[in-house]
Amino acid sequence: MLTLCDKLIRTADAYCAHVRRSRSRISTIIFGDGLRLDGIAQGKDIQTRNYEKAMLWFASNWPEALAWPEGVERPQFEAPAVQGAETAGAAA
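A short tour of the structure in this document, coming up. (Residues numbered from 1 in each chain as written. Predicted model: local features only at pLDDT ≥ 70, side-chain atom pairs only at ≥ 80, totals over all residues. Heavy atoms only, no water.)

## Things to note about the environment of N50
Its place among the elements puts N50 in helix α4 (residues 48-61). Sequence-wise, N50 and I30 are 20 residues apart; in three dimensions their C-alpha atoms are separated by 9.1 Å. If sequence neighbours within four positions are ignored, N50 has contacts with F31 and R36. (Helix = DSSP H or I, 4+ residues; strand = E, 2+ residues; numbered from the N terminus. Contact = heavy atoms within 4.5 Å.)

## Considerations on helix α2 (residues 23-31)
What α2 keeps buried is the set I26, S27, I30 and F31. In a view along the axis of α2, the buried residues occupy a sector of 105°, so they form one face of it. For α2, the secondary structure elements touched by its buried residues are α1 (4-19), α3 (36-41) and α4. Immediately beyond the C-terminal end of α2, within one or two residues, lies G32, with a positive phi of roughly 70°. (Buried < 20%, exposed > 50% of the residue type's maximum accessible area, 1.4 Å probe, protein only. Arc of directions from axis to C-beta.)

## Remarks on the nonpolar core
L8, I26, I30, L37, I46, F58 and W68 are the most contacted members of the largest nonpolar core, which totals 22 residues. Among the secondary structure elements, those contributing two or more residues to this core are α1, α2, α3 and α4. Once residues lying within four places of it in the same chain are set aside, the contact partners of L37 are L8, I9, A12, R23, I26, S27 and F31. (Core = buried A, V, L, I, M, F, W, Y, C linked by side-chain atoms within 4.5 Å.)

## A look at α1
Counted at 1.5 Å a residue, the expected span for α1 with its 16 residues is 22 Å, and the 22 Å between its end C-alpha atoms agrees. Taken together, the buried positions of α1 are C5, K7, L8, I9, T11, A12, Y15 and C16. Contacts from the buried residues of α1 go to α2, α3 and α4. R20 lies just past α1 and shows a positive phi near 60°. (Expected span 1.5 Å × (residues − 1).)

## Thoughts on unusual backbone geometry
Most peptide bonds take the trans form, and the phi angle of most residues other than glycine is negative. Of note, the phi angle at R20 is positive, near 60°, even though the residue is not glycine. As for its position among the elements, R20 is in the loop between α1 and α2.

Here you go:
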């Protein structure tokens, strides 16, 4: 079983290889810290929100010609909830 950190690094490495960018460059784009992904690969922890942020970034920037990494769930985007939508129908 892959850990979340394993899934993130597997995804990052597949993306980096395909777009020919370093892990450090992609880490800077996502986190504003070029050392973050390498740190995670070396065993440092990641907070849940940072994991989600990174995986959503990869999902929205994933090249069409590249298969999503096997064993890694691809995040699904949900339509944002419209505030007050529940009461709008009742008022009509």
